[in-house]
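This is what each chain is made of:
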Amino acid sequence: MTALDGAALLNEVEAFHRRFNVFPTEAAYVAVTLWDAHAHLIECFETTPRIAFLSPEPGSGKSRALEIVELLTPRPVTTVSASANALYRLVDSAAGLPTVLFDEVDTIFGPKAGTDEALRGFLNAGYRRTAGALRCVGEGSNQNAQIFNSYCAVAMAGLGSLPDTVLTRSVIIRMRKRAPNEKAEPYRQRKHESQGHALRDRLATWADTVRDQVAAAWPEMPEGVTDRPADVWEPLLAVADAAGGHWPARARAACLELVNAAHDNDEASLGVRLLTDLRDKVFCGADRMPTAVILEMLLALDDAPWGDVDDKPLNSRMLSKLLGQYVTPANKPIKPRGIRTPSGFPKGYYAEDLTDAWTRYCPPPPGESATSATSATPQVSGGESVADTTTTIRHTPAETATQPALTG
C-alpha cells in the first residue's frame, strides 16, 4: 500500500471506533487508532505503550472500548484475572506475541484488592523489549534458570486509577458517561465482529508493507515531550508517519494534549509536593527558615495534605524524614541546621540546601511568587511569635537580591 492508502486505512479504523465508542476528546480517537495499528508492528519497537481506559464510575464505555480494540488487534487475549506466570508463558508461546486485554483491572490494583506485585512487574517489564523475568523451571532438584519474555501490547480498562509505575508507561484515556446528546451504535458481536476482523486483516497487510520503514524510524517528538512520555509515544508517532496524510500532524497534537493531561492529573509524590510547597508557599525567596515557621505555614495551607500525614499533622520528625530523601548540591542528605535569630538559635532549613532538589524535582515555578507570609504572625509552640523570627529572615524575592545574607 502507498502512504496515502495507510492514511485512508487509519481513517477507516478511527471511523469504526467512532461507531461504537464515545471517547472524551478527538485526541483519544487518534491515540486509540494508532495504538491498534502499532500492535501489528510491535516487533519494530523498543517499547510498547500500554493504553488505559479509566473512569471514576461504571457505565462509561471502558469495556466496550476493549471489545472494539479486541477486533482490530492481532492475537487478542481478554481476561479479568490472570497470574503473572501464566502471562509470561503466554508471551513465550510459539503462536506469536499476544495483545493482552485486561478488563476490570481495578479488581487487581484497586484499593480493596491489595497489590499484585508480580502482575505489576509483568506489566512494567513487558513495556520494554529487553526486559523479562527469571524463573526456575524443572522438577524437584532438577531446576534450571530460564528467562521468560514479557514484551507484548497491553490494553486495560478499570475504575479509578492504576499504580504510578503502570500509568507512566500508558496512554491514558479518561472515559466518562455519555451525555444525552452523545450517541453510539449498539454493538452486536455476531453482526460487527466480521467487519472489525476485516479491518484487522487489512491493518496486518499494511503493516507488512511499512515494517522496514517503521523499524528504522526515529520520529520527531513534539517540543517538550521527553523521557518516559517520549518512549510511550515513539511507536505511535512512527505509525502515524508511516501512514502519512494528516496523521503525523494529528498524532503530534494528540501526543501533546494527552501528555499534558496526564501531567495535570498526576498526584505528585508527597516529597515533591513538599518541595514545591516549600519553594512556592513558604520560602518565597527567603534564604533560610526555622522548622517551627515551616510547619506553621504548611499546616495553614488550604487543600494541602500536611494536616493528615499518616493520620497526624506533619511534625519536625516527618519533615526531616521527607526532606532527607533528597540531597543538597554537595550530594549530602538535606538536614535541618541551626539558624541564628534575634530570639535564639533554632533548627531550620536553608534555601541553598534545597535548590538542587527544587530544580530537579519540582514543576516550573509560577509566574509570580506566592504571597510572602511576613504579614501573618501565627504562633509557634511556646508562645513565641513567628514575627520575632521572620522579620530578619523573610523578605521578598526582589529584596533578596539587595539584602545581605544573614550570618550563620
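Up top you'll find the structure we're talking about.
Predicted model, so just to flag it, every value in this text is computed and none were measured. (Residues numbered from 1 in each chain as written. Predicted model: local features only at pLDDT ≥ 70, side-chain atom pairs only at ≥ 80, totals over all residues. Heavy atoms only, no water.)

J.: How would you explain the overall build of the protein chain if you had to name every residue and give the values?
T.: Looking only at helices and strands, the protein chain has 16 helices and 10 strands in total. Relative to its full complement of 408 residues, the protein chain shows a buried share of 45%. Of the contacts formed within the protein chain by residues at least 6 apart in sequence, a portion of 71% connects residues at least 24 apart. Only carbon and sulfur atoms are counted for the fraction: they give 51% of the accessible area of the protein chain, which is about 20,300 Å². (Helix = DSSP H or I, 4+ residues; strand = E, 2+ residues; numbered from the N terminus. Buried < 20%, exposed > 50% of the residue type's maximum accessible area, 1.4 Å probe, protein only. Contact = heavy atoms within 4.5 Å. Areas by Shrake-Rupley, 256 points an atom, 1.4 Å probe, with all protein chains shown as cover.)

J.: Give me the lowdown on unusual backbone geometry, citing residues and values where you can.
T.: Positive phi outside glycine occurs at E104, with the angle close to 50°. For E104, the location among the structural elements is in the loop between β3 (99-102) and α5 (106-109). Take E104: its relative accessible area is 42%, and that puts it in the partly exposed class. A positive phi is found at N331, a non-glycine position, where the angle reads about 65°. Counting through the fold element by element, N331 comes out in the loop between α13 (316-323) and β9 (337-338).

J.: Talk me through the nonpolar core; I want residue IDs and the actual numbers.
T.: Burial of nonpolar side chains together is a common tendency in soluble globular proteins. One finds F53, I173 and W233 to be the most contacted residues of the largest nonpolar core, which totals 62 residues. Counting 28 residues, the second-largest nonpolar core is a separate cluster that includes L274, W306, Y326 and Y349. (Core = buried A, V, L, I, M, F, W, Y, C linked by side-chain atoms within 4.5 Å.)

J.: Go over the pattern of salt bridges, please, and point to the residues and values.
T.: A full pass over the atoms with the stated rule returns 17 salt bridges. With a closest N to O distance of 3.2 Å, D231 and R128 form a salt bridge. In this pair, D231 sits in helix α9 (residues 227-243) while R128 sits in the loop between α6 (117-125) and β4 (132-139), placing the two residues 103 residues apart along the sequence. A salt bridge links R288 to D287; the shortest N-O distance between them is 3.4 Å. (Salt bridge = Lys/Arg side-chain N within 4 Å of Asp/Glu carboxyl O.)

J.: For the side chain of T73, give the residues involved together with the corresponding values.
T.: Within the fold, T73 resides in the loop between α3 (62-72) and β2 (76-79). A relative accessible area of 0% places T73 in the buried class. A distance of 2.8 Å separates a polar atom in the side chain of T73 from the backbone oxygen of V69. Leaving out residues up to four positions away in the same chain, T73 has contacts with W35, D36, A39, H40, T99 and R200. (Polar contact = N/O pair within 3.5 Å; in protein donor to acceptor, adjacent residues only side chain to side chain.)

J.: I'd like a description of the sheet that holds strand β10 (residues 347-350), backed by residues and values.
T.: The antiparallel open sheet is built from 3 strands, whose spatial order is β8-β10-β9. Of all the strands in the sheet, just β8 (288-290) and β9 have a single pairing partner and so form its edges. Pairing between β8 and β10: 3 bridges, direction antiparallel. Bridge pairing in β10 places P290 opposite G348. Most of the contacts of helix α12 (residues 291-299) go to β8, to which it runs at about 85°, and overall it touches β8 and β10. (Pairing = 2+ DSSP bridges. Axes fitted to C-alpha atoms, helices over the stretch in contact; angles between N-to-C directions.)

J.: Tell me about helix α14 (residues 351-361), and name the residues and values.
T.: Here α14 has its buried residues at A351, D353, L354, D356, A357 and W358. Residues of α14 that are buried in the fold lie against α11 (270-283), β8, α13, β9 and β10.

J.: With reference to specific residues and values, describe the pairing of strand β6 (residues 153-159).
T.: In terms of residue burial, β6 counts as a mostly covered element, since 6 of its 7 residues are buried. Sheet topology note: the strand β1 (residues 50-55)/β6 ladder contains 5 bridges and is parallel. Across the sheet, S55 pairs through a bridge with L159, a residue of β6. Relative to β6, β3 is paired through 4 bridges, and the arrangement is parallel. In the sheet register, T99 faces β6, and the bridge partner there is A153.

J.: Before we move on, could you go through the side chain of H40 and cite the residues and values that matter?
T.: Secondary-structure assignment places H40 in the loop between α2 (26-38) and β1. For H40, a relative accessible area of 8% translates into the label buried. Ignoring any residue separated from it by four or fewer positions in sequence, one finds H40 in contact with L72, T73, P74, R200, L203, A204, A207 and R211.

J.: I'd like a description of the environment of R202, backed by residues and values.
T.: Relative to the helices and strands, R202 resides in helix α8 (residues 189-215). C-alpha of R202 to C-alpha of G6: the two residues are 196 residues apart in sequence and 9.8 Å apart in space. When residues no more than four places from it in sequence are discounted, the contact partners of R202 are L9 and E12.

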